[in-house]
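# Close look at the chain arrangement
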Amino acid sequence: MHNERLSDEELELFVQYLHRFANHDVDIFLNLEAGDPEHPVYVMFGRDYPPVGEVSDYRRPFSDRRQPTSTADINDGG
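We now turn to the structure provided with this report. (Residues numbered from 1 in each chain as written. Predicted model: local features only at pLDDT ≥ 70, side-chain atom pairs only at ≥ 80, totals over all residues. Heavy atoms only, no water.)

### Some thoughts on the overall build of the protein
A tally of regular secondary structure across the protein gives 1 helix and 2 strands. Helices and strands appear in the protein in the N-to-C order α-β-β. Residues counted as buried form 9% of the 78 residues belonging to the protein. A sequence separation of at least 24 residues applies to 48% of the contacts in the protein between residues at least 6 apart. Counting every atom, the protein has about 7200 Å² of accessible surface; 52% of that belongs to carbon and sulfur. (Helix = DSSP H or I, 4+ residues; strand = E, 2+ residues; numbered from the N terminus. Buried < 20%, exposed > 50% of the residue type's maximum accessible area, 1.4 Å probe, protein only. Contact = heavy atoms within 4.5 Å. Areas by Shrake-Rupley, 256 points an atom, 1.4 Å probe, with all protein chains shown as cover.)

### Some details on the environment of alanine 22
Along the polypeptide, alanine 22 turns up in helix α1 (residues 8–24). Separated by 23 residues in the primary sequence, alanine 22 and phenylalanine 45 have C-alpha atoms spaced 8.1 Å apart.

### Quick notes on α1
In this model α1 runs 24 Å from its N-terminal to its C-terminal C-alpha over 17 residues, within 8% of the 24 Å that 1.5 Å per residue would give. When α1 is considered as a whole, its buried residues turn out to be Val15, Gln16 and His19. Looking straight down α1, one finds its buried side chains confined to an arc of 100 degrees; they lie on one side. (Expected span 1.5 Å × (residues − 1). Arc of directions from axis to C-beta.)

### Structural notes on the environment of phenylalanine 45
Tracing the chain through its elements places phenylalanine 45 in strand β2 (residues 41–46). Taking the relative accessible area as the measure of exposure, phenylalanine 45 reaches 22% and is therefore partly exposed. Remark: the alpha-carbon pair of phenylalanine 45 and phenylalanine 29, spanning 16 residues in sequence, is separated by 5.4 Å.

### Details of the pairing of β2
By the bridge criterion, 6 bridges tie strand β1 (residues 29–34) to β2 in an arrangement that is antiparallel. Along β2, the bridge assignment pairs alanine 34 with valine 41. In sequence, β1 turns back onto β2 through a hairpin of 6 residues, with glycine 35 there showing a positive phi of about 90 degrees. (Pairing = 2+ DSSP bridges.)

Below is the structure:
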């Protein structure tokens with residue numbers, strides 16, 4: 001297992017892709033296992049289930065920053 005953090009640029013790109021995925025591809029649900037097979041991360045994406053805990057517990061990354069204005073595909077869900 002790697003204990004290496006994503007750079008700020010990598011994290012921002014990941015979040016942009018996640019927003020795009022959520023805006024275009026999440027119709028029902030998707031359960032994923034990712035990362036090191038010996039220390040996996042389990043992720044659930046969906047719109048049908050209420051969040052676990054309070055909605056206020058969930059933060060929207062980079063919400064305090066101006067959204068990109070580029071017309072590239074990566075930015076259409078950011």
